[in-house]
Amino acid sequence: MEITKEKLEAAFKEEDYICGEEIIIPTYLALNLEKPLLITGEPGVGKTEIAKVLSKVFDTELIRLQCYEGLDENKALYEWNYQKQLISIQINKDNKSEDMIEENIFSEDYLLQRPLLKAIKRGKRPVLLIDEIDKTDEEFEAFLFELLSDFQVSIPELGTVKANKRPIVVLTSNANRELSDGLKRRCVFLYIDLPSVEKEVEIIRTKVPNIGEELSKQIAAAISYLRTNLELKKLPSISETLDWARALAGLDADRLSPELIHRTRTLFLKTKDDLDNFEELGAKKLSQEALKSD
Amino acid sequence: MCNLEDDGYVQVDEEFEEAQKLLTSSLDEGLPDYVENNIVKFIQILRNLGIRISLAESIEALEALKLVDIIKKEEVRTTLCSLLVKDSYEKKIFDKAFDSFFVSLEDKVYQQRIRKEKMMQQEEAKKEAEELKFKKESVVDEDKDEEVPLSFTEDQKEIYSKLDPEIKEKIKKFIEESFPGHLSHSSHAQPMLERMVSGTLNYWKNQLRNQDEGDEQKQKIEAKMTGDLDMDVVIENVISSLQQEEESLITQDMKRISDEELPKVTMIIKKLSHRLATKISRRFQQSKKTGKLDLRRTIRKNIKYGGAMLELEYKTKKIKKPEFLLICDVSDSMARYATFVLQFMYGIASAVRNMESFIFSEDLERVTEFFTSNLSFEETMAKIISQSKQWGKTTNFNQTLKTFHSQYVDLLSPETVVFIMSDTKTIELDEAVMNLRRIKRQVKEIVWLNTLPKSEWPELNSVQEFKGIANMLECYTIKHLKNSLKIQTLT
C-alpha cells in the first residue's frame, strides 16, 4: 500500500495501537526513507508491539530475531546443516565422486536459514524485528549495521544473496548498553515515553473492552500517581496497567477501593523494595488519589 | 573543503559554511530559503550543545521535512528529533533547544536584547583588567616613567573582573613593588611580571571554582558558544534550563551537590548502579560462548553414529567473574566524593562476587564488612563514618599502600580490577608511585577515578606519575562516574 501519514495513523488505530504523532511520524519516516526504526523506552511501553502492528498493517510476515548475550552470525544469519551433510556423505560415498558430493552438500538444501537471511530472501517485504539489540555484543552490532546498510550477505559457497525487497526493520533497545554511533546513525530514532493519563485511559478502553469508563480513569490516575510520586525501582508500564485493568475487570470491579488495590498490588509493583515503598504510601492514599479523577 | 574526521563527523568550527552550501543545494527550490537557514542554524546549536550530527544526517533531516507539513510545528519537531537525536538525554536537550529556537519574532528580539546587554556588561567588566599597568622608564624622556598595560588572556581578564576590590588592590600593589627603580628597565621585567600575575589569576580561577557561587558556576555542561547572537541565546537558554532539572545533578561537580539535593541524587545513583549490576550479572551468568572442540568427548558421543561426527562437544571456557577492589580517598577534600562513589559501589556489590572496599586518608581501613551486612546504605555510611579513624584527615597514599602490602596483598589476583578514587594529592609521592607499581604487577588493571578536572592534570606532578601506572579517568560528576564504570573491564 502507498504510505501516507494519515493512512498509517488510521491503520495503527485499526490495530488497536493507540498513539500520537510522536510515534506515527518517526515510523512513517522510517518507512519512507527505508531506514531501520530504532525504538527505545522503558520496558512495557509497546516497543515490540509496533513491529507486530506493522506486520499486520502491511499484511506481511514478522520475522523476529531475539537478541541475547553471545548471539553470533550462525544463530542470526545462517549455518550449514552439518549433520545432514555428514549423513549425505555417508550415503553417497560409494556411488558419487568427491566433487559431486561437495557440490551437493553446499547447496541451499543444506543451508539453515536464520532470521536475518530469511528476511533478506523473502519475496514480499517482511517486517524484521531485532528485539533488545542492547543485549548483544559490540562485534555482533558491528556486523549487523553492515548488513542493514546493504541488505546483502556473502555466503562463500553460494555467492552473494541480495534482498529482493528491503525488509521493514524495527530495532528495540532497553538502553542497558549504549549502542554504537554507527548503528544509531543508520536508524530513525523513536523514544516511547510513558503515556499521559488521557492516553492511558484510551489504551485501557481499547485493550480491555469490558471495563467501565470510570474504573479506567481511576486506574490511569492511580498508575500516573505512582509513577510521579513514588520512587519506584520498576515503574509500572503500559503492560502492567493493562494486566491490572484486566484483573479488575475480571473481578467485576466498577471502582477502585483500598481493599481492591491492596489485593491486586502485585500486578503493578514488581519488586520487594517497590512493595515496601508502596506500603508506606498505603492503598487508602492511592485510592483517594485515583478517585480525584472522577 | 571541509575536514572530515575518521568517524565521518566534521569539525564543528570549520563546517558551518560548507554544511550550509551542501544542505542548500540538496533541496528543491520549493522550500523557502529561511527554513533551510534556520534548520542549519538549529543543527549547529545542537552540535554546540554536544549532540553529534553528521552532514549526512543533516541532509537527511532536511529531506525528511519534505515528507511532512512544515507549517505544523509539532510535525517539524518530531521529524527533526527522530533523525537528529540518538538517546533520551539528547532528546531532552533537543526539546529545550527547539522550544527556545523556534519562537515568535518578538520573543527572539527580546531574547537577543537581553543577551546583548549581558555581553556588554561582561565586556565592561573585562576592561577593568586594563588598570593593571607596569611603570617603566619612558623611551622619550628618561626622567619620566611611562605606564604600559600588561597583557592577559580574555579568560584571565574575566577572572580579574570577578575578584574582590581588596584582592585587586593587592595585585596592583604587587605590580608596583615587584620591580622598583632600575630593575624595571630590564627587558625581562614585563614578561616576568605578566607570568607572575597570570599565576596569581590562575590561582584565583581555582579558588573561584571551589567557592559555591550559585548555579552558573556549578554547572559543567559541555557546550560552546558560536559567536552568533541568534544561536548563542538558545545555547544559553538550554544550559540554564538543564541546570534546573535532574540532568544538572548528574553533570555537576559531586562536591557541590547540596544536602537538599541528596535524596534525588541517591535515587539516581541507585538506578544507575542497579542497571549496571543487572548488566554485570547477566553477562557473567548467560555467556554462551563456546571454546575449542573437545575431541575426546565428541568421539565418545558419536560412537553410536559409527564415528560420523553428528554431535559436537566443545571445551567451554570457564568465565570467572572479575574481582573488584575499591580504594577510596576519604581525606578532607575527598570525603564528599567518597560518599557517592561508595554508594555506587554498594549498588554494584549485589551483583559482584568478592568485592572488597577500603577507605584511606592517613592510613588504610578495610570497610568490606560494612557493605556485606544487611543494612541500608544510609545506616552503613553512618556506621563507617562513626567508626572510621580516617574520615576527613590528610592524605598519605604511600602509608596506605604500605599497609595494603603488609596486610591485604593476598586479596589480589590476576583477575582483580583495582579502582582508586582520589585527587592524587599525597605526601611521599615517590614511594607511593613505587608501591603502586608493585600492585600493578599483580592485578589485571588499575582504574584511577580522578576527581580533578582534566584541565588541571598537566599542572600536577602526582597526576603525571600515577597516570603512567593506572588507567586514569576524569571523575567529578555522576555522569563521569557512570561512564568510568562502563569501561571494558567492568562491562
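Refer to the structure presented above.
Everything in this summary refers to the structure shown in the same document. (Residues numbered from 1 in each chain as written. Chains lettered and ligands numbered in written order. Predicted model: local features only at pLDDT ≥ 70, side-chain atom pairs only at ≥ 80, totals over all residues. Heavy atoms only, no water.)

1. Some thoughts on the pattern of salt bridges
Here is the rule: By convention in these notes, a salt bridge is any Lys or Arg side-chain nitrogen within 4 Å of a carboxyl oxygen on Asp or Glu. Exposure classes here rest on a 1.4 Å probe applied to the protein chains alone. A residue is buried below 20% of its type maximum, exposed above 50%, and partly exposed in between.
One pass over the structure, following the stated rule, counts 33 salt bridges over all chains. Among the salt bridges present, the one from Lys234(A) reaches Glu240(A), with a minimum N-O distance of 3.2 Å. Given the relative accessible area of 7%, Glu240(A) is considered buried. Through salt bridges with shared partners, one network takes in Lys5(A), Glu6(A), Glu21(A), Lys72(B) and Glu75(B).

2. Quick notes on the packing of aromatic side chains
As a reminder of what qualifies: Working definition: a ring pair exists when centres of Phe, Tyr or Trp rings (six-membered ring for Trp) sit within 6.5 Å. Plane angles under 30 degrees give stacked, over 60 give edge-to-face, the rest tilted. Put simply, DSSP marks the helices as runs of H or I at least four residues long and the strands as runs of E at least two long, and each gets a number from the N terminus on. In this scheme, Lys NZ or Arg CZ marks a charge over a ring once it lies within 6 Å of the ring centre and within 35 degrees of the ring normal.
Counted under the stated rule, the structure contains 20 aromatic pairs over all chains. Seen in terms of ring centroids, Phe268(A) and Phe278(A) are 6.1 Å apart; in terms of plane orientation they differ by 85 degrees. Their pairing is edge-to-face. Of this pair, Phe268(A) sits in the loop between α13 (258–264) and α14 (272–281) while Phe278(A) is found in helix α14, placing the two residues 10 residues apart along the sequence. Each member of the pair, Phe268(A) together with Phe278(A), is buried. Aromatic pair Phe101(B) and Phe102(B): ring centres 4.9 Å apart, planes at 90 degrees, arrangement edge-to-face. Like Phe102(B), Phe101(B) is buried. Following the ring pairs from residue to residue traces out a cluster consisting of Phe42(B), Phe94(B), Phe98(B), Phe101(B) and Phe102(B). Taking NZ or CZ as reference, Lys84(A) lies 5.1 Å from the ring centre of Tyr110(A), over its face.

3. With respect to the interface of chain A and chain B
Note the following rule: In what follows, residue pairs with any heavy atoms lying within 4.5 Å of each other are defined as contacts. By definition, the buried area sums, over both parts, the 1.4 Å-probe accessible area that each loses when the two are put together. Under the rule applied, a polar contact is a pair of N or O atoms within 3.5 Å (in protein, one hydrogen donor and one hydrogen acceptor; residues adjacent in sequence only if both atoms are side-chain atoms). All residues other than Ala, Val, Leu, Ile, Met, Phe, Trp, Tyr, Cys, Pro, Asp, Glu, Lys and Arg, Gly among them, are scored as polar; the first ten of these are nonpolar and the last four charged.
Chain A puts 34 residues into the contact, and the matching count from chain B is 33 residues. Buried area between chain A and chain B, summed over both chains or domains, comes out near 3200 Å², and the portion from carbon and sulfur atoms is 59%. On the chain A side of the contact with chain B, Glu69(A), Arg185(A) and Phe189(A) bury the most area, a combined 22% of that side's loss. For the pair chain A and chain B, the interface holds three salt bridges. A salt bridge links Glu75(B) to Lys5(A); its shortest N-O distance comes to 2.9 Å. Along the contact surface separating chain A from chain B lie six residue pairs in polar contact (both at pLDDT 80 or more). Contributing elements (two or more residues each) for the side of chain A that touches chain B: α2 (21–33), α5 (82–92), α9 (181–185) and β9 (188–192) of chain A. Looking at the side of chain A that touches chain B, the element that brings in the most residues is α2(A), giving eight residues. Tallied by class, the residues present in the side of chain A that touches chain B amount to 15 nonpolar, four polar and 15 charged.

4. Section: the pairing of strand β5 (residues 127–131) of chain A
All names here are of chain A. Applicable threshold: Criterion used throughout: strands pair if DSSP finds at least two bridges between them.
Of all the five residues making up β5, five are buried; the element is thus mostly covered by neighbouring parts of the structure. Here β5 shows no split at all, with Val127, Leu129 and Asp131 on one side and Leu128 and Ile130 on the other all buried. Looking at chain direction, strand β2 (residues 62–66) and β5 are connected through five bridges and run parallel. Its bridge partner lying in β5, Gln66 is registered against Asp131. Relative to strand β8 (residues 168–173), β5 runs parallel, the two being bridged by four bridges.

5. Structural notes on the sheet that holds strand β1 (residues 37–41) of chain A
Residues and elements named next belong to chain A. Heads up, the condition is: Lines are fitted to the C-alpha atoms to define the axes, a helix being fitted only along its stretch in contact, and any angle between axes, read from their N-to-C directions, falls within 0 to 180 degrees.
Pairing within the open sheet is parallel, and its five strands lie in the order β2-β5-β8-β1-β9. The strands lining the two open edges of the sheet, one partner per strand, are β2 and β9. For this sheet, the mean angle separating the axes of adjacent strands, direction not counted, is 20 degrees. Relative to β8, helix α8 (residues 138–150) is tilted by about 155 degrees, and along the sheet it contacts β2, β5 and β8.

6. Remarks on unusual backbone geometry
One non-glycine residue with positive phi stands out, namely Glu34(A), at about 55 degrees. Within the element layout of this structure, Glu34(A) appears in the loop between α2 and β1. What makes Glu34(A) partly exposed here is its relative accessible area of 41%. Backbone geometry at Thr424(B) places phi at a positive 70 degrees, although glycine is not the residue there. Structurally, the position occupied by Thr424(B) is in the loop between β6 (416–422) and α19 (429–440). For Thr424(B), a relative accessible area of 1% puts it in the buried group.

7. Describing the sheet that holds strand β8 (residues 471–474) of chain B
Sheet strands pair by backbone hydrogen bonding; their relative direction is either parallel or antiparallel. Residue and element names in this part refer to chain B. Spatially, six strands are ordered β5-β4-β3-β6-β7-β8 in an open sheet, and the strand pairing comes out mixed. The sheet terminates laterally at β5 (364–366) and β8, the two strands that pair on one side only. For this sheet, the mean inter-axis angle between neighbouring strands, taken without regard to orientation, is 20 degrees. Pairing between β6 and strand β7 (residues 445–450): six bridges, direction parallel. By the bridge assignment, Ile420 is partnered in β7 with Trp448.

8. Some words on α19(B)
The periodicity of an α-helix, 3.6 residues per turn, causes residues three or four positions apart to be oriented the same way. Heads up, the rule is: To estimate how far a helix should extend, the number of its residues minus one is multiplied by 1.5 Å.
Here α19(B) contains 12 residues, and its C-alpha end-to-end distance of 16 Å stays within 8% of the 16 Å for a straight helix at 1.5 Å per residue. Those residues of α19(B) hidden inside the fold are in contact with α18 (397–407), β6, β7 and α20 (461–467) of chain B.

Distances and angles like these do not, on their own, reveal function.
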